[in-house]
Amino acid sequence: TGDNGAGGKQEMLGMQYANHMTPTVDIGGKTYKVELVYADNGSDSAKAPTAASELVSKDVSLVLGTYGSSCAMAGGPIFGEAGLAAIGVTCTNPGVTAGNDYYFRICFLDPFQGTVLANFASKEFGAKKAYCLSKLGDDYSGGLCHYFVEAFKALGGEVVEETFPEGNSDFTSYITTAQNSGAEVFFSPVSTEAAALIIDQAAGNGMTMPILAGDTWDSNVITGAAKGKNVKVCVTTFFDEGAESEAAKAFVSGIKEWINSDATAKANNGGNDMISAVTAMGYDSYFTALEALKNAGSTNPADVLKALPTTTYEGVTGAIAFDEIGDAIRDSAFVKEVDTASGEWKFVAIQGVN
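Residue numbering note: each chain is counted from 1, following its sequence as written. Under the rules for a predicted model, residues below a pLDDT of 70 receive no local features and side-chain atom pairs below 80 are neither given nor counted, while totals for whole chains, interfaces and linings still include all residues. As a rule here, side-chain values come from all non-hydrogen atoms in the structure, and water together with hydrogens is ignored.

Points about the nonpolar core
Definition in use: Side-chain atoms within 4.5 Å are what join buried Ala, Val, Leu, Ile, Met, Phe, Trp, Tyr and Cys residues into a set we call a nonpolar core. For every residue, the accessible area obtained with a 1.4 Å probe (protein chains only) is divided by the maximum for its type, and the residue is called buried under 20%, exposed over 50%, and partly exposed between those limits. Each helix corresponds to a stretch of at least 4 residues labelled H or I by DSSP, and each strand to a stretch of at least 2 residues labelled E; elements are numbered beginning at the N terminus. Residue contacts follow a heavy-atom distance rule, with two residues in contact if any of their heavy atoms lie within 4.5 Å.
Core analysis: the biggest nonpolar cluster contains 47 residues, and Phe239, Phe251 and Leu308 have the highest contact counts within it. Residue assignment for this core shows that the elements contributing at least two residues are α1 (5–21), β1 (24–27), α4 (110–125), α9 (246–261), α11 (277–296) and α12 (301–307). In terms of residue count, α11 provides more of this core than any other element does, 11 residues in total. Those residues within four positions of Phe239 in sequence are excluded, and the remaining contacts are Asp218, Ala248, Phe251, Val252, Ala277, Ala280, Val316, Thr317, Phe334 and Lys336. Counting 29 residues, the second largest nonpolar core, distinct from the first, contains Ile175, Val235, Met274 and Val338.

Here it is as structure tokens:
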């Protein structure tokens, strides 16, 4: 729940669908039923340790999540103290895995994503000046803006930076500042709730510069907000619904059917069957977890933690393997743009750091 509740629910949908499709796992010659156990941190880093402790108390073998880097970083030490491994699914801040041996992740990181976005702004739009808006105290938006600024300046660009406080809903002054600054792109990788307001108010104030963001904006909340408006919204993300692999096609077809047959799943997906990248990543995280359990030959958390570094999986979002820090080995991102006429995403490019 909370500011990132919509994205968190979509990430979990992938895990729930995977569990629906594959509810058991064979470990050491014995078949186990896989139970999904939940804890809600309310998108609040102050509540993250309590949510993490709740999972520890329920004797789970492995943790998937959490959605949101701030909460992952705040709750992570609880897992470390318990000797419990966690697989971050879409929490992209480097601080999630840095300096610990209990957190792994299957997504790319913000230094990579920020560089991809800066290169895209420079090459695609010829931008020489960028406006960056993040939420005060938010590790994700602040971190991604930092890496975007670093890369954009390295390309010779100029940046205007601002932050907004918790609870802010009026972005008019920030949009006006961006317009008056002479910026050619508006970069704001914030929560989907804030994003919808920014899109609506940018359109209402006649802002014509492209709006860029990271993976959190890959959501039907964003396509819904942009539909019918004179805005250009581009994002970097982990997966494209139109991906060509047979595994990806089967996943998209199957999960759409499942969502449309389950009222709760459909509500948690924002009321339609558009598949976000975080859902595909949640799906892959579940099967990566099963591989770790099989490799461990045990449900014991200590054994699973020991087995994770060498665990690999060929997922619908690509090959999954971990480096020495526990981060995913990934070198490309999908770039998508909202088709404001249809309210659907359209594929733009697969982009690396060059």
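Alright, that's what it looks like, and here's the rest.
Notes on the layout of surface pockets
Gaps left between atoms show up when a probe the size of a water molecule is rolled over them. The test is simple: Only protein atoms enter the 1 Å grid used here. Points where a 1.4 Å probe fits but cannot escape make up a cavity, open sets with protein on both sides within 12 Å along at least five of seven lines make up a pocket, and a residue lines them when an atom lies within 4 Å of a point. Grid points are joined across faces, edges and corners, and a volume is the space filled by probe spheres set on the points. Note on residue classes: Ala, Val, Leu, Ile, Met, Phe, Trp, Tyr, Cys and Pro are nonpolar, Asp, Glu, Lys and Arg are charged, and everything else, Gly too, is polar.
Considering only enclosed or pocket space, the largest pocket measures out at about 1100 Å³ in volume. In terms of lining residues, the largest pocket is bounded by 46 residues, among which Val37, Tyr38, Leu55, Leu62 and Leu64 are the most central. Among the elements of the structure, α1, β1, β2 (30–33), α2 (48–57), β3 (63–64), α3 (69–82) and α11 are those that each provide at least two residues to the lining of the largest pocket. Tallied by class, residues from the lining of the largest pocket come to 27 nonpolar, 12 polar and 7 charged. Roughly 580 Å³ of internal volume is contained in the second largest pocket. Around the second largest pocket sit 34 residues that line it, and Asp3, Asn4, Ser43, Lys135 and Asp138 are the ones nearest its centre. For the lining of the second largest pocket, the per-class residue count stands at 11 nonpolar, 15 polar and 8 charged.

With respect to the side chain of Ser219
With respect to the secondary-structure elements, Ser219 resides in the loop between β9 (211–213) and α8 (220–226). Residue Ser219 is classed as buried on the basis of its relative accessible area, which comes to 3%. Other than its neighbours up to four places away in sequence, Ser219 contacts Gln10, Thr192 and Trp345.

Considering the sheet that holds strand β13 (residues 333–339)
Rules: The pairing criterion is simple: DSSP has to find at least two bridges between the two strands. Structural elements are reduced to axes, namely lines fitted to C-alpha atoms, with helices fitted over the stretch in contact, and the angle between N-to-C directions of any two is expressed from 0 to 180 degrees.
Here we have 7 strands laid out as an open sheet, ordered β7-β6-β8-β9-β10-β13-β14, and mixed in their pairing. The open sheet has two free edges, formed respectively by β7 (158–164) and β14 (344–351), since each of these has just one partner strand. For this sheet, the mean angle separating the axes of adjacent strands, direction not counted, is 25°. Sheet topology places strand β6 (residues 129–135) next to β7; 7 bridges connect them, and they run parallel.

A closer look at helix α7 (residues 192–204)
We count it as follows: Expected span, for any helix, means 1.5 Å times one less than how many residues it has.
With 13 residues, α7 should cover 18 Å at 1.5 Å per step; its first-to-last C-alpha distance of 18 Å lies within 8% of that length. Among all positions in α7, only Thr192, Ala194, Ala195, Ile198, Ile199, Gln201 and Ala202 are buried. Gly206, located one to two residues past α7, shows a positive phi value of around 70°.

Some words on the pairing of β6
Where we set the bar: Handedness is read with the strands pointing away from the viewer; a crossover is right-handed when the path from the first strand over the helix to the second is clockwise.
Here β6 lies mainly inside the structure; 7 of its 7 residues are buried. Residue alternation in β6 divides its side chains into two sets, Lys129, Tyr131, Leu133 and Lys135 and Ala130, Cys132 and Ser134, and both sets are buried. Read from β6 through helix α5 (residues 139–154) to β7, the crossover connection turns out right-handed. By the bridge criterion, 3 bridges tie β6 to strand β8 (residues 185–187) in an arrangement that is parallel. Residue pairing for β8: Ala130 is matched across the bridge by Val185.

A word on helix α6 (residues 172–181)
Working note: α-helix, 3.6 residues per turn, so residues spaced by three or four point in the same direction. The following threshold applies: Working note: the arc is built from the helix axis to C-beta atom directions.
When we look at burial in α6, the residues that qualify are Tyr174, Ile175, Ala178 and Ser181. Taken end-on, α6 shows its buried residues confined to a sector of 130°, consistent with a single buried face. Contacts made by the buried residues of α6 are with β6, β7, β8 and α7. In the stretch just after α6, Gly182 is the one whose phi turns positive, near 85°.

Remarks on the pairing of β1
Alternating residues of β1 divide into Val25 and Ile27, all buried, and Thr24 and Asp26, none buried. Pairing between β1 and β2: 4 bridges, direction antiparallel. Looking at the pairing, Ile27 lines up with Lys30 of β2. Here β1 hands over to β2 after 2 residues, with Gly28 in that stretch at a positive phi of 55°.

Here's the deal with the environment of Gly68
As for its placement among the helices and strands, Gly68 is situated in the loop between β3 and α3. Residue Gly68 is classed as buried on the basis of its relative accessible area of 16%. Sequence separation between Gly68 and Ser43 is 25 residues, and the spatial gap between their C-alpha atoms is 7.2 Å.

Considering the environment of Leu64
Within the secondary structure layout, Leu64 lies in strand β3. Judged by relative accessible area, which is 23%, Leu64 ranks as partly exposed. As a C-alpha pair, Leu64 and Ile87 span 23 residues in sequence and 5.0 Å in three-dimensional space.

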